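The lines below spell out each chain.
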Amino acid sequence: MFGSLRDVVFVDGVRTPFGKAGKKGIYAQTRADDLVIACIRELVRRHPELPPERIEEVAIAATTQIGDQGLTLGRTAALLAGLPKTTPGFSIDRMCAGAMTAVTTTASGVAIGAYDVVLAGGVEHMGRHPMGEGVDPNPRFVAEKLVDQSALVMGQTAENLHDKFPGITKERTDAFAVASQAKVAAAYEAGRIQKDLVPVAIRSEELGWGLATRDEPPRPGTTMADLADLKTPFRPHGRITAGNAAGLNDGATAAILAASEVAEELGLPAKMRMVGYAFKGVEPEIMGYGPVPATEQVLARTGLTIDDIGLFEINEAFAVQVLSFLDYYGIKDDDERVNPDGGAIAIGHPLASSGVRLMTQLARHFETRTDVRYGLTSMCIGIGMGGTVIWENPHHKDYGKGTKA
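Note on numbering: residues in each chain are counted from 1, in written sequence order. Only residues with pLDDT of at least 70 get local features here, since the model is predicted, and only at 80 or more are side-chain atom pairs given and counted; chain-wide, interface and lining totals rely on the full set of residues. For side-chain calculations, the full set of non-hydrogen atoms in the structure is used, while hydrogens and water are omitted.

**Describing the overall build of the chain**
Then, number 1: For helices the rule is a DSSP run of H or I covering at least 4 residues; for strands it is a run of E covering at least 2, with both sets numbered from the N terminus onward. For the chain, the helix and strand inventory stands at twelve helices and twelve strands.
Then, number 2: In this treatment the radius of gyration is a C-alpha quantity, and the globule benchmark scales as 2.2 Å times the residue count to the 0.38 power. Here the C-alpha atoms of the chain give a radius of gyration of 20 Å, agreeing with the 22 Å that 2.2 N^0.38 yields for 405 residues.
Then, number 3: For the chain, the C-alpha atoms occupy an extent of roughly 60 × 55 × 50 Å along the three principal directions.
Then, number 4: We call a residue buried when its accessible area falls under 20% of the maximum for its residue type, exposed when it is over 50%, and partly exposed in between, using a 1.4 Å probe and counting protein chains only. Taken across its 405 residues, the chain has 58% of its residues classed as buried.
Then, number 5: Two residues form a contact once any of their heavy atoms are found within 4.5 Å. Sequence-distant contacts, at least 24 apart, represent 79% of the contacts inside the chain between residues at least 6 apart.
Then, number 6: Residues scored as positive are Lys and Arg, those scored as negative are Asp and Glu, and His as well as the terminal groups of each chain are ignored. Note on charges: their place is set at NZ of Lys, CZ of Arg, CG of Asp or CD of Glu. Treating the 41 positive side-chain charges of the chain as one cloud and the 50 negative ones as another, the clouds have centres 1 Å apart.

**Observations regarding the UniProt feature "domain: Thiolase C-terminal" (unreviewed entry) in the chain**
Then, number 1: UniProt positions are given in the numbering used here, feature names are shortened, and annotations may be inferred rather than shown by experiment. When the UniProt feature table is mapped onto this chain numbering, "domain: Thiolase C-terminal" (unreviewed entry) sits at residues 271–392.
Then, number 2: Here residues 271–392 is 34% helix and 26% strand, with 9 Å between the C-alpha atoms at its ends.

**Some remarks on a nonpolar patch on the surface**
Then, number 1: Patch definition: residues with relative accessible area over 30% and no salt bridge; like charges joined within 9 Å; nonpolar side chains (Val, Leu, Ile, Met, Phe, Trp, Tyr) joined within 5 Å. Here the open area of atoms and residues is found with the Shrake-Rupley method and a 1.4 Å probe, where only the protein chains shown may cover a residue. The working definition used for a salt bridge is a side-chain nitrogen of Lys or Arg within 4 Å of a carboxyl oxygen of Asp or Glu. A grouping of Phe141, Val142, Leu146, Leu152, Val153, Phe234 and Ile383 is seen on the molecular surface, where their side chains present a nonpolar patch of about 520 Å² in accessible area.
Then, number 2: Following the sequence through the fold, Phe234 ends up in the loop between helix H7 (224–228) and strand E8 (249–259).

**As for the packing of aromatic side chains**
Then, number 1: Aromatic pairing here means that ring centres of Phe, Tyr or Trp (its six-membered ring) are within 6.5 Å. Orientation follows from the plane angle: under 30 degrees is stacked, over 60 is edge-to-face, and everything else is tilted. The tally for this structure, following the rule as stated, stands at six aromatic pairs.
Then, number 2: Centre to centre, the rings of Phe10 and Trp391 are 5.8 Å apart; their planes meet at 80°, and the pair counts as edge-to-face. Here Phe10 is found in strand E1 (residues 8–15), whereas its partner Trp391 is found in strand E12 (residues 385–392), with 381 residues between them in sequence. The same class applies to Phe10 and to Trp391, which are both buried.

**A few points about the pairing of strand E4 (residues 89–92)**
Then, number 1: When strand E3 (residues 58–61) meets E4, the two strands line up parallel, connected through four bridges. Directly across from Ile60, in E4, lies its bridge partner Ser91.
Then, number 2: Crossovers are described as right-handed under a simple rule: with the strands pointing away from the observer, the path leading from the first strand over the helix to the second runs clockwise. This β-α-β element, E3 to helix H2 (residues 73–80) to E4, shows right-handed connectivity. Strand pairing is assigned whenever DSSP identifies at least 2 bridges connecting the two strands.

Listed below in C-alpha cells is the structure:
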C-alpha cells in the first residue's frame, strides 16, 4: 500500500571472490550470469526464513550489457537461480555505480511501498567484456568540444585530477595503495573478508575443475619500492600506474533489502538502515572528484555533517580519487575510519558490482563498531559523476532516535 515513506534496511550482502580479467584469470571460462546466480543462490541459502516468493524485484547492474551480461540480466539470473517465475527483474547501468544504483532504485521502491523485499546487485566480467566493448560514442562530444577527449578514458581523468590537485603526489598515492594492500592482507589473516564470499566453481584447461574461495588481485607485501618504477600508461611520466589504481577484474555481488517492518515480520536481520543517497555530476574530465559533490548533497539533505560519519567505504578506482575526497574534508590519508579492511586497489573493481561490495563491508564493520552511528559508501562514476549512500548502524545505542535523517 502506497503511503508515507518506510524505513529501508540492508538485510545481507554477498559477493564472489574477485578475479583478474583475462585468459589466465580464475573466471576465464566462467559466464558472467553464473557469477550473479551464485550470489543469488547464496543469499537464499543463508536466509531460509525468507520465502523466495517474497522477493518482489531483482535488479542487476552491468556496465557492458552484451553477451552473457545482456538479456535483461535481473530477470534471467533470477530464473536461472531458481526464484519463482513470478519474480520480475531488470538490468541497470550507471557504469561503476551500477550495483549502487540498483540498491538505491529498488530501495526507493521499498520506501514508497511498491515492494516489500528486493534483491539488487551487479556483475562485470571484464575478461569477456572489456569496458567500452561495442560502444559508439557520439562524435559530437569531441567535435563540438562538449568534453575533452581525455574524458572518455578513465585513467586520463585520474591524471587530470592529479593536475588539479598537485599536492596529491604520486608518492602519496603509492603510499595509499601500499596501505590498501596491507589492510586487505590483515583482514584476510583475521578471517573477516571470507565471511562476505560465495565460493564459485571454476575451470581451467591446465588444472581442470576447482573452487574460487579468495580474491585473486591482492598483492600482499607490496612496498613503495615495488610501485616506484611502474609504467604510467595514460601519460608519459604520469602518475597513474597499475599499482595505485584498481585493476581489470571479474566478479559479482548481490544484496537483499527490505522494509524495516517486513524484515522484522520475517525474522530477517537489519544490518543497516538507509538514511539517504545522492548522485551528482562533475566535469567528465575530472570524473574522480564526483564523490565530493554527491556527499555534500546527501549530507545537506539528511541534516548530517561529515563529522557524524564514523566509517567510510570509498571505492578505490584510483588512489588520487580517494585522496581528493579526504583532502576536501580534512581527513588524513591514514585515518582508521577510511576503508578499514582495504579497498579496490587490492581487492579489485569489477565495475558495476562494486557498490554492493562497499555496502557489505560497511555492514560487517557496523557489527563490531557499535560506537559508530553513521557510515557512508561512496564512489566515482564514469563520464563525470559521483554517488554516495549514508547508512545508520542498528547496533548503535541511538539507532532510530533523534531528529537526524
